[in-house]
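Coordinate inspection notes
Here is how the chains run, residue by residue.
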Amino acid sequence: MSAIIKMKKLTLRLGEFVLGPVSLQLGQGDYLVLLGPSGCGKTSLLNSIAGVYPVSQGMLALEGADSSRTPPHRRGIGYVSQTPNLFPHLNVRDNIRFGLAYLDLPEGEIEAQFDRIVALLGVGHLLAQSVSTLSGGEARRVALARSMVIRPRLLLLDEPLSMLDPNARVQMLDTLFMLHQETGTTTIHVTHDREEAWAMDEQCAVMLRGRIVQQGSVEELFRNPNSSTVALFLGGTNVFPATFRTESGQTMAELGWMQAELSDPFAEEEGYVLIRPEAIVFAKSQGEADFIGKVKRVSGRGAFSIVEVEVATGINVTIHMPYEQAFRIIPGDQLPLRLSLPLHAIKE
Amino acid sequence: MSNFSLKPRRTMIVLLLLAGHLGLLALLHMRSDINLFEYFNILLLAANLVIGVILIFGRRNLLIGGGLMFLIAAHALLGQRLAPDSLTSGALLMVNILILYVGVQIYSNLPLTHFYLFVASYLALFGIFILLMENAEALFLLFLMGLAATARSPRLLAYFWTLTLSFTLCQPYPWEALFIFWFILTVLFDARGKQRSTLSLVFLGVGLTLVFLMLLPVLILLFGEDLHNIELILREARVQEAIIRTLWTATAATGVLALFCIPLGYAISRLRFRGRTLLLSLIDIPIVIPQSVAGIMLVRVFGRQQVLGDLFQQTFGIPIDGTVIGILLAQIFVAMPFFLKSALAAFDAVPEELEVAARTLGAPPRGEFSRVALPLAGRGLFLGAILAWARAAGEFGAVLFIAASPETAPIAVHNRFNAVGLFETTPLVALLLLFSLVMFFLLQFVARTLMSSQGRTA
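Residues numbered from 1 in each chain as written. Chains lettered and ligands numbered in written order. Predicted model: local features only at pLDDT ≥ 70, side-chain atom pairs only at ≥ 80, totals over all residues. Heavy atoms only, no water.

**Some points on the confidence of the model for chain B**
Predicted coordinates in regions of low pLDDT should not be interpreted in detail. Residue and element names in this part refer to chain B. Looking at chain B as a whole, its pLDDT mean stands at 83, while 91% of the residues score no less than 70. At the low end of the mean pLDDT range in chain B sits helix α2 (residues 36-58), at 70; at the high end sits helix α16 (residues 324-348), at 93. Ignoring residues within four places in sequence, the model shows residues 1-5, a span with pLDDT below 50, making 1 contact including any to other chains. (pLDDT = per-residue confidence, 0-100. Helix = DSSP H or I, 4+ residues; strand = E, 2+ residues; numbered from the N terminus. Contact = heavy atoms within 4.5 Å.)

**Here's the deal with the pairing of strand β17 (residues 304-312) of chain A**
Residue and element names in this part refer to chain A. As judged from the 8 bridges shared by β17 and strand β18 (residues 315-322), these two strands associate in the antiparallel manner. Bridge pairing links V307 to I319 in β18. Here β17 folds back onto β18 in antiparallel fashion, the turn holding 2 residues, of which G314 has a positive phi close to 80 degrees. (Pairing = 2+ DSSP bridges.)

**Here we look at the sheet that holds strand β1 (residues 5-14) of chain A**
Residues and elements named next belong to chain A. Read across the sheet, 4 strands follow the order β2-β1-β4-β5 without closing on themselves; strand pairing throughout is antiparallel. Only two strands of the sheet have a single neighbouring strand rather than two, namely β2 (17-26) and β5 (65-66). Where β1 lies against β2, 7 bridges are found, and the strand directions are antiparallel. When the sheet's bridge partners are listed, R13 is paired in β2 with V18.

**A short note on the packing of aromatic side chains**
Residues and elements named next belong to chain B. For the structure shown, the criterion picks out 18 aromatic pairs over all chains. Between F126 and F140, the ring centres sit 5.8 Å apart and the planes meet at 75 degrees, which makes this aromatic pair edge-to-face. On the criterion of sequence distance, the pair formed by F126 in helix α5 (residues 112-132) and F140 in helix α6 (residues 137-150) is long-range, its members being 14 residues apart. With a relative accessible area of 3%, F140 lands in the buried category. An angle of 40 degrees between the planes, with centres 4.7 Å apart, marks the rings of F312 and F316 as tilted. (Phe/Tyr/Trp six-rings, centres within 6.5 Å; stacked < 30°, edge-to-face > 60°. Buried < 20%, exposed > 50% of the residue type's maximum accessible area, 1.4 Å probe, protein only.)

**Observations concerning the interface of chain A and chain B**
In this complex, chain A contributes 21 residues to the contact, which on the side of chain B involves 21 residues. Counting the surface lost from both chain A and chain B, the interface buries some 1900 Å², and carbon and sulfur atoms represent 67% of this. Connecting chain A to chain B are 0 salt bridges. Run the count over chain A and chain B and you get 4 residue pairs in polar contact (both at pLDDT 80 or more). (Buried area = accessible area lost by both parts, 1.4 Å probe. Salt bridge = Lys/Arg side-chain N within 4 Å of Asp/Glu carboxyl O. Polar contact = N/O pair within 3.5 Å; in protein donor to acceptor, adjacent residues only side chain to side chain.)

Encoded structure:
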């Protein structure tokens, strides 16, 4: 069985902006979260997969057949863009049924498909309504139903949770989970929000400045970012330059204000270390401390607090600690701190 | 109302009034030739004395009481000079007492500006009916009662004044002027919005005045013409033919335009190409050039003994100029920009994302156009068609040169004016006016109400 979609050095030129080269492959039933900051080219990539933008260079194959010149309506791709883009002159039912006219299926099967998707997405009670009366979440669901009803071989979701209130976001996440479980549609889900990627907990690709820089499970990206830019984008605020010294299979990192062991041996002499904010804890005594931090700011985030400490002039470290430990800390305190996990090194 | 601190002043004012009255009484009494009228005045003044005493001891409203005393005294002295007879003088006194009462009410209950407006209105009415017009005391009384009835609200007062001005200064078209004034006032008072300020209202008022100066001839012609004359004109076979010919040629011209301008408008709206800006300004050429110039240009190309005109005649057997083909050509030429620009705007207003959505749902370009772009642009296209139709039906200059006969309605007006003059032409003009307005508003109504339910945007 060949891949549903395969991109090889796909390049797209849009005026000044160059997207790619991007290489990516998804098998039947895969769910890929494409994570990247605003303006990194995620939407342009989706547009070129859907056929809205022409591919400048490279290869795009759908189910093994080169499709870089196929017009959008023959690609069999469901594309839910960031704004729902429902047809204002049609009611919800006719919006969802729009693509059915072009589906090469027997009448009975079309109706069954329509009923199934409407039931799955829970939009049955909206069918007779005008689309101008829908809430943001409802409109998103209808747009999703409209794209799913044509049985796409690949579903593209562009920021499916954006501009929804927190409750609607949770509901939408559940819907996306359930939809993928029930239909097994291969999906590319684009987002700029790493919390959304954590929540989906599927395959994840990080896209920065028009290129996919790292791909893997969410856990892997979280633990092992392959560059400091990825680490910074994924929320590791504690990325510091360091020099490394390896003796008898054990690598020590020298940061200037702290020395610490690495989890794995590291061959380079210079690079970066990533300290996870939750991997820093209070030391029982001054002797046990890896470093001393002077508290600059304490802010609450629900169950945990964010404490920012200065470890040397101009160098700040962010610490996440449970609320009940942090509430006595005030700016100016000198805290003895130590690492609860070994450090992770990054080459560049 | 017994404000103690006012008491000395109050007593002084009333005492002054009383002294004046006694003086007046003495003056009247000393005259030897006292007639009935003057006896009446003496009685009035005596009554006033009683009011004055009541004011001192009874603590009544000083404004009303004092004003009443003043009014009665003034009428007793001046009534004969102002009014032609004692009846009018008495009526004037009664109305002035009413005005006094209303004035006091406004002064004590409403903002001072209302009171000033009221006083200024009174003086203005006095100026118009007593000083400007002769023997208009009865009208003055009538309008004073109107003033008393409307003075409490500036809005009503404004309506009252437009009525007054229409029937005094805007003769001989008072009803037309009234209609225009009231429309402007209603719009002004109903105007709402975040930027509703005196400035924006003044802008609106000034603009509306100009618009209505342009509409005034329309109103005068419509209201001023006898229905019987219009009916007579309508029975003339020549007029009937001209109207019917105008209707069908304009419709046919609009149809031809729809066939070309809808696809072209869509293409220009969706495509970017070199020369697009130039094309967009070329569209306006038929609007820019004078109609007579357009007519002669058409004759130069499509007329008899001209290249294309001859070719057409040889191919189809009929010439272009002097036939309905020529009429159609001229109408299409002048109406084209209206249709094309409307189509362009209508398609521009359809978001391209919706068409992208249609494509990704499996719709080929044809389906995308007919199921998304066309229905969503439908209302704008229809409005454009109405404009083009109206332009084609009303075209005179270009048609005159290429096909002065057979007659269309505008040409018929021209021919009739040349043959029999202004007054014989006005019934025909009124008829055409009525006809075009009814047609235009009907189509606008269809476009705005019936089609709006379909083209509702989110």
